[in-house]
Amino acid sequence: MAGEEMMFRMEEVGSARRGTEQKTGSFADANSDDEDDYYICPITDDPVSPSKEICDYLKNLIHNKQQLTAASPTQHSFQYKAAWKHAIEKAKSMPDPWAQFHLEEIETELCVRYRYNGVTGEWAQDQVYIKMASQPFGRGAMRECFRTKKLSNFSHSSKWTAASNYVAKRYIEPVDREVYLEDVRLQMEAKLWGEEYNRHRPPKQVDIMQVCVLEMSQRPGKPLFHLEHYIEGKYIKYNSNSGFVRDENIRLTPQAFSHFTFERSGHQLIVVDIQGVGDLYTDPQIHTDCGTDFGDGNLGMRGMALFFHSHLCNKICKSMGLTPFDLSPAEKAQLNCTSKLLKSAKTVLRGHEEHCGSPRVRTISGGRLPPLLSRLSETSSNDDAVSDSDSIPCSPMQFSSSVGKSSLGTDSPLGWSFTSEIDLQGEKNNNIPEHRDQESGGDSGCPSERRSEGDPAEHGDRKPMAVSAKSAPSANIPSRQRLTEEKWSVFHTTRQNIHRPSCVAVEVERLNALDLERKMGKSILGKVHLAMVRYHEAGRFCEKDEEWDRDSAMYHLERAAMCGELEAIVALGQCYLQLPHHILPENTVEDNEENRKIGFQYLLKAAEAGDRPCMILVARAFDTGVSLPPDRTQDWKEAVHWYNCALNMTDYDEGGEFDGMQDEPQYLLLAREAEMYQEGQFGLDKDFQRAGDLYTEAADGAMEAMKGRLANKYYMKAEEAWGMMEE
């Protein structure tokens, strides 16, 4: 097998692999207290290498349901142990692909290793022995990679020829030490989303590489490196953080995984920049709704828009209940080529995929949660409680604080499930545009060559130490806490019903159940559609000399308005009423009665949402009758209502004028309202007392704005109105 171009599979092995009393065959969490990345051998109870040969050999046995169900428990146990023995012997006989580089002759270095727990949001620290090559073997646009070997803490042998193969990465240009930590947090966050995806039983499992930070304490300046396994196979970049999708030998799983994270997180994030060997990914990027965390590669909702502009739902998306993102007919036509390529993908559905957000997807069945967490787990996606992004944490980063503070029962550490599987088909690694590192190896800088996934076990019996502020690479690293099975269960259960579909129709149903204040401007999906409008307007989705797609831009502007995005509502109202608008200013619609009705409805909706310019426009329409649709009549009582709403806005600058574009100052609105009370028409009764008071208030406002002549005019009108009252 060593002489072949081998692509390995690692699948979820169910109860036979996980076990109930021990973590037999599970890929241990790199953050657990006394474990590194290893498998517990069911025969000897000793930690062994998570070799691809073991997983590749066992997967056929474990997933052969007919063989397992036909066998008795005794037969099953015998077969399982025999498979482990054979796989271990096979793994030990594999030659070291790095033997020719003689890394064992390099000087040994004692380093401090920092590992991050994505669930609790905490760091663990211990010491490891490594040998690192002096020259890089791969280089990307941002980082360079060094061949590295690391001794196992669980092995008492000091034979470096048998040590595990790793890749140490460092930034070419100096960066702040916090950047290294943020990269680890990002990758471990993405790993949690890989776990969540696998729990829904997709046809192919995914996993994200374990990564940690090495502090070279014996070198000047104590430089930092990232450390992760060196894996074998072709390194492929499936999509980027800027909307690129690989066309050659197109894959279904990477795109479905990214789409899944968007819906499963309630639109709060999406994991993109999927790259690696098969479905074992590394160096992903996460776009979040705030767009301020996870480094410069986080493009926020603009990145989400870039993904969905190039994403066409495949059969995995459909089998897992993911909904298509709304695209215009022209945009769908552009994806026809992708549709044809998707038909050539070789992934076969198994028919037992769980829908995204399915209540059947649980970590522990029959377990009882604390009352508060039980209540959180019962909320549904249509509930008001989850209408805001802050109501229930959808991200492990947000959830970590609540987990860390909970007094949960069990202390048994939980290991990761290393469940990666790839298509057994040939793929070519071409140069790929628009990603963070412009080399075939992507951001890792690793070229596409044979790689061997080594044993990440460690040397000696030392256990991880809690990280102190002094010894940590950053003073912000918190103390270490134990990850428990119950905490893991709570983490997944509290996110159980956060799922939100990607289509506007379902989003509108959710928003309609909320009050006006909670639904206006609260939809991330609406903001993604608005970002799509801006990309179209900027010519991002067309060739340099081509005309950008105005119809598609208007399509997404309408979807953003449907999702309660105030900026889109205002722009559409102004456009339909033939008024100047700053979004798509060159787009026009036909001036007819139906469009005027639509435009006025948009303005009225924006006014109700608290947009002051729209309040004034609506008030002027009811006041003068101009811009009123045919189904409405001039109504001064309604006009006064909207004038008062605009006057009650408190965002005035120091000069007494409203600090907004094209807004009228307060004293002009007061004066007009006074005139209306003085004349008393169109459903508004005369009120001279009220008119005099409003004129006086307008005069005071004009005086503050240094409009003395106008202030005197308003004072005289006030006296005139009060005189009419006496008559």
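## Looking at the overall build of the chain
What the chain contains, in helices and strands, is 24 helices and 17 strands. Burial statistics for the chain: of 727 residues in total, 56% are counted as buried. When the accessible surface of the chain is totalled, it reaches about 31,000 Å², and 49% of it is carbon and sulfur.

## Description of the nonpolar core
As a rule of thumb, nonpolar side chains are buried together in soluble globular proteins. Ranked by size, the top nonpolar core spans 61 residues in total, and within it Leu557, Val618, Trp642 and Tyr714 carry the most contacts. Setting aside anything within four residues of it in sequence, one finds Val618 in contact with Phe600, Leu603, Leu604, Ala607 and Trp642. Judged by nonpolar contacts, the second largest core, of 27 residues, contains Trp193, Val271, Tyr281 and Ala345.

## Focus on helix α23 (residues 688-704)
The terminal C-alpha atoms of α23, which comprises 17 residues, lie 24 Å apart, in line with the 24 Å expected from a rise of 1.5 Å per residue. When we look at burial in α23, the residues that qualify are Ala691, Gly692, Leu694, Tyr695, Ala698, Ala699 and Ala702. Seen end-on, α23 carries its buried residues on one side only, within an arc spanning 165°. Where α23 starts, the residue carrying a side-chain oxygen 3.4 Å from the main-chain nitrogen of Gln689 turns out to be Asp687. Positioned one or two residues after α23, Met706 has a phi angle of 65°, which is positive.

## A closer look at the pattern of salt bridges
Using the criterion set out here, one finds 27 salt bridges in the structure. The shortest N-O distance in the salt bridge between Arg251 and Asp279 comes to 2.9 Å. Here the residue Arg251 occupies a position in the loop between β12 (235-237) and α6 (253-264), and Asp279 occupies one in the loop between β14 (275-277) and β15 (280-281), the gap between them amounting to 28 residues. For the residue pair Arg251 and Asp279, the accessibility class agrees, reading buried in each case. Counted as one network, the salt bridges with shared partners bring together Arg143, Lys169, Glu228 and Asp283.

## Description of the sheet that holds β14
With mixed pairing, the four strands of this open sheet are ordered in space as β9-β15-β14-β12. The open sheet is flanked by β9 (207-208) and β12, the only strands paired with a single partner. With two bridges joining them, β14 and β15 adopt antiparallel strand pairing. Across the sheet, the residue bridging to Val277 is Leu280, located in β15.

## Thoughts on a negative patch on the surface
On the surface, Asp685, Asp687, Asp693, Glu697, Asp700 and Glu704 cluster together into a negatively charged patch. With respect to the helices and strands, the residue Asp685 is situated in the loop between α22 (666-679) and α23.

## Brief notes about helix α20 (residues 612-624)
Between its terminal C-alpha atoms α20 stretches 18 Å, which fits the 18 Å expected from 13 residues at 1.5 Å a residue. Taken as a whole, α20 has its buried residues at Arg612, Cys614, Met615, Ile616, Val618, Ala619, Ala621, Phe622 and Asp623. Here the buried face of α20 lies against α18 (566-576), α19 (593-608), α21 (636-647) and α22. One side-chain oxygen at the N-terminal end of α20 lies 3.1 Å from the backbone nitrogen of Cys614; it belongs to Asp611. Backbone geometry just after α20 places Gly625 at a positive phi near 85°.

## Topic: the packing of aromatic side chains
Summed over all chains, the structure comprises 18 aromatic pairs. Their ring planes at 75° and their centres at 5.4 Å tell us that Tyr197 and Phe257 sit as a pair that is edge-to-face. Of this pair, Tyr197 sits in helix α5 (residues 177-198) while Phe257 sits in helix α6; the two residues are 60 residues apart in sequence, bridging distant segments of the chain. Tyr197 sits in the buried class, given a relative accessible area of 0%. Overall, the relative accessible area of 0% leaves Phe257 in the buried class. With centroids separated by 5.1 Å and ring planes inclined at 80°, the aromatic side chains of Phe307 and Phe308 adopt a geometry described as edge-to-face. A relative accessible area of 3% means that Phe307 is categorised as buried. The rings of Tyr197, Tyr238, Phe257, Phe260 and Tyr281 are connected pair by pair, giving a single aromatic cluster. We note Lys131 situated over the ring of Trp160; from NZ or CZ to the ring centre the distance is 5.0 Å.

## Observations regarding the side chain of Lys519
As for its position among the elements, Lys519 is in helix α15 (residues 516-519). Look at Lys519: it is buried, it has no salt bridge, and the nearest opposite charge is Glu608 at 8.0 Å. The contact partners of Lys519, leaving out residues within four places of it in the chain, are Leu511, Asn512, Leu514, Cys563 and Gly564.

## Side note on the environment of Gly564
Along the chain, Gly564 falls in the loop between α17 (550-562) and α18. Residues Gly564 and Arg518 lie 46 residues apart in sequence; the distance between their C-alpha atoms is 9.8 Å.

## Points about the confidence of the model for the chain
Taken residue by residue, the chain gives an average pLDDT of 75. The fraction at 70 or more is 67%. Note that residues 65-71 has pLDDT below 50 and, in this model, nine contacts with residues that lie over four places away or in other chains. Below a pLDDT of 50 lies the segment residues 652-662, which in the model reaches 18 contacts outside its immediate sequence neighbourhood of four places, other chains included.

## Digging into the pairing of strand β8 (residues 164-171)
When you tally the buried positions in β8, you get seven out of eight residues, the bulk of the element. As paired strands, strand β6 (residues 143-150) and β8 are joined by eight bridges and run antiparallel to one another. By the bridge assignment, Thr148 is partnered in β8 with Tyr166. Alignment of β8 against strand β11 (residues 224-229), held across four bridges, turns out to be antiparallel. When the bridges of β11 are listed, Lys169 appears paired with His226.

The rules behind these values
Residues numbered from 1 in each chain as written. Predicted model: local features only at pLDDT ≥ 70, side-chain atom pairs only at ≥ 80, totals over all residues. Heavy atoms only, no water. Helix = DSSP H or I, 4+ residues; strand = E, 2+ residues; numbered from the N terminus. Buried < 20%, exposed > 50% of the residue type's maximum accessible area, 1.4 Å probe, protein only. Areas by Shrake-Rupley, 256 points an atom, 1.4 Å probe, with all protein chains shown as cover. Core = buried A, V, L, I, M, F, W, Y, C linked by side-chain atoms within 4.5 Å. Contact = heavy atoms within 4.5 Å. Expected span 1.5 Å × (residues − 1). Arc of directions from axis to C-beta. Polar contact = N/O pair within 3.5 Å; in protein donor to acceptor, adjacent residues only side chain to side chain. Salt bridge = Lys/Arg side-chain N within 4 Å of Asp/Glu carboxyl O. Pairing = 2+ DSSP bridges. Patch = residues over 30% accessible without salt bridge, like charges linked within 9 Å, V, L, I, M, F, W, Y side chains within 5 Å. Lys, Arg positive; Asp, Glu negative; His and termini not counted. Charge placed at Lys NZ, Arg CZ, Asp CG, Glu CD. Phe/Tyr/Trp six-rings, centres within 6.5 Å; stacked < 30°, edge-to-face > 60°. Lys NZ or Arg CZ within 6 Å of the ring centre and 35° of its normal. pLDDT = per-residue confidence, 0-100.

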